[in-house]
Amino acid sequence: MCGRFSLSVTQEVLARAFHVEEVPNLEPQYNIAPTQMVATVLYNLENHKRELQQLRWGLIPSWAKDSSMGAKLINARSESVAEKPAFRSAFKHRRCLIVADGFYEWQQQRDKKQPYYFRLRDSKPFGFAGLWEEWQSLEGEQIKSCTILTTQANELLQPIHDRMPVILQQQDYDVWLDPQIHAANVLQPLLHPYPSEAMTSYPVNTVVNNPRHNSSECITPLSTGNSSANQLN
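None of the values given here were measured: they were computed from a predicted structure.

Participant: Which parts of the structure should I look at to understand the packing of aromatic side chains?
Facilitator: Aromatic ring pairs: the centre-centre distance and the angle between the two ring planes describe each pair. Applying the stated criterion across every chain, the model contains 10 aromatic pairs. Ring geometry for Phe103 and Phe118: centres 5.3 Å apart, planes at 15°, overall stacked. Taken as a pair, Phe103 in strand E7 (residues 102–109) and Phe118 in strand E8 (residues 112–120) lie far apart in primary sequence, 15 residues in all. Where Tyr117 meets Tyr202, the ring centres are 5.8 Å apart and the plane angle is 55°; that geometry is what we call tilted. In this pair, Tyr117 is assigned in strand E8 and Tyr202 in strand E12 (residues 199–203), connecting sequence segments 85 residues apart. Across the pair, exposure class does not vary: Tyr117 and Tyr202 are buried alike. The positively charged end of Arg95 is found above the aromatic ring belonging to Trp176, 5.5 Å away from the centroid.

Printed below as a string of structure tokens:
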């Protein structure tokens, strides 16, 4: 699964990477946790442009009785997303990119879990394959929420976890975002592990374990003297 990630690049970098015209001034987020607001890219069929929107992480199906269900649906398995009742409608009609520049996974080491930070080797931001949904309470409250799709781990992640978030290739953004494309046989082939050789990883401080901590310390590599874990290349 993917339970934490980061986004700390500038507005200009985001605009270039995702071809969006307007990017709000986003504060650096080094430790994004479920139920927080996250930056997403959606396609607007009315003006035929990509738009950056803030959605709540943890998908709330339109038929859910209350919003608490979202905390359980932060991830969706790509292998079954087209059939699962909570995701199948969004998979057909409401796909998005969830914007990040890195994410975390934890490795069990004796009596503790060691966090590792994963990013692209070129340090550029990327888009997780995401789904979004709009939910309304009986009192009229409206919430737009999202979930991150996962797939089998690539060779880099396998020593840490057997799953990883789906990082889409830039050339696949248009297809994934197009709400007029519904066929699973077109969409499913996009949901594969990202190439290991294009990524890197290193151990980080356990300060990231607490979602209240949001500083660059979360993504700072541990020195050799502070950790027995070896850097993953």
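Participant: So what exactly am I meant to see when it comes to the side chain of Arg95 here?
Facilitator: Examined against the element boundaries, Arg95 turns out to sit in strand E6 (residues 95–100). One buried charge, Arg95, has no salt-bridge partner; the nearest side chain with opposite charge is Asp178, at 5.9 Å. Engagement of the side chain of Arg95 in a polar contact is seen with the backbone oxygen of Phe91, the distance being 2.7 Å. For Arg95, the side chain forms a polar contact with the main-chain oxygen of Lys92, separated by 3.0 Å. Setting aside anything within four residues of it in sequence, one finds Arg95 in contact with Ala90, Gly130, Leu131, Trp132, Val175, Trp176, Leu177, Asp178, Pro179, Ile181 and Leu187.

Participant: For this particular structure, what's the right way to read the sheet that holds E12?
Facilitator: Strand-to-strand pairing in sheets goes through backbone hydrogen bonds, with the strands running parallel or antiparallel. Strand order in the open sheet formed by five strands is E2-E1-E7-E8-E12, with antiparallel pairing between adjacent strands. One side of each edge strand has no neighbouring strand; the edge strands of this open sheet are strand E2 (29–32) and E12. Strand-to-strand, the axes of this sheet are offset by a mean angle of 30°, without reference to chain direction. Two strands pair when backbone bridges link them, and E7 and E8 are joined in this way by seven bridges, in the antiparallel orientation. From the neighbouring strand, Phe103 faces E8, where its bridge partner is Phe118.

Participant: Any chance you could explain the confidence of the model for the protein here in plain terms?
Facilitator: Low pLDDT marks regions whose predicted coordinates should not be analysed in detail. On average, residues of the protein carry a pLDDT of 93, and 96% of them reach 70 or more. Predicted confidence for residues 225–231 stays below pLDDT 50, and this span has 14 contacts to residues more than four positions away or in other chains.

Participant: Please clarify how the environment of Cys2 should be interpreted in this entry.
Facilitator: Relative to the assigned elements, Cys2 resides in the segment before strand E1 (5–7). Taking relative accessible area as the criterion, Cys2 reaches 0% and is therefore assigned buried. Once residues lying within four places of it in the same chain are set aside, the contact partners of Cys2 are Trp57, Ile74, Asn75, Phe103, Glu105, Phe128, Ile148, Thr150 and Pro165.

Participant: Would you mind showing me how to read unusual backbone geometry here?
Facilitator: Most peptide bonds adopt trans geometry, and most residues besides glycine take a negative phi value. With phi around 80°, Thr35 is a residue other than glycine that occupies positive phi space. If you check the backbone angles, Ser123 has positive phi at about 65° while not being a glycine. Structurally, the position occupied by Ser123 is in the loop between E8 and strand E9 (126–136). Ser123 sits in the partly exposed class, given a relative accessible area of 41%.

Participant: Can you help me understand the pairing of strand E4 (residues 49–57) in this one?
Facilitator: One face of the sheet, then the other: side chains in a regular strand alternate in exactly this way. Where strand E3 (residues 37–44) lies against E4, eight bridges are found, and the strand directions are antiparallel. Residue pairing for E4: Asn44 is matched across the bridge by Lys49. Hairpin connection of E3 to E4: four residues between the antiparallel strands, including His48 at a positive phi of 55°. Pairing analysis gives two bridges linking E4 to strand E10 (residues 142–152), with the strands arranged parallel. Of the residues in E10, the one forming a bridge with Arg56 is Ser145.

Participant: What's the story with the nonpolar core in this structure? I'm lost.
Facilitator: In globular proteins that are soluble, nonpolar side chains generally tend to be buried together. Judged by nonpolar contacts, the single largest core of 59 residues is most densely connected at Phe5, Phe103, Phe128, Trp176 and Met199. Setting aside residues up to four positions removed in sequence, Phe128 forms contacts with Cys2, Phe5, Cys96, Leu97, Ile98, Ala100, Phe103, Ile148, Pro165, Val166 and Ile167. Counting residues in hydrophobic clusters, the runner-up holds nine residues, among them Tyr117, Tyr202, Val204 and Ile219.

What counts and how
Residues numbered from 1 in each chain as written. Predicted model: local features only at pLDDT ≥ 70, side-chain atom pairs only at ≥ 80, totals over all residues. Heavy atoms only, no water. Phe/Tyr/Trp six-rings, centres within 6.5 Å; stacked < 30°, edge-to-face > 60°. Helix = DSSP H or I, 4+ residues; strand = E, 2+ residues; numbered from the N terminus. Buried < 20%, exposed > 50% of the residue type's maximum accessible area, 1.4 Å probe, protein only. Lys NZ or Arg CZ within 6 Å of the ring centre and 35° of its normal. Lys, Arg positive; Asp, Glu negative; His and termini not counted. Salt bridge = Lys/Arg side-chain N within 4 Å of Asp/Glu carboxyl O. Polar contact = N/O pair within 3.5 Å; in protein donor to acceptor, adjacent residues only side chain to side chain. Contact = heavy atoms within 4.5 Å. Pairing = 2+ DSSP bridges. Axes fitted to C-alpha atoms, helices over the stretch in contact; angles between N-to-C directions. pLDDT = per-residue confidence, 0-100. Core = buried A, V, L, I, M, F, W, Y, C linked by side-chain atoms within 4.5 Å.

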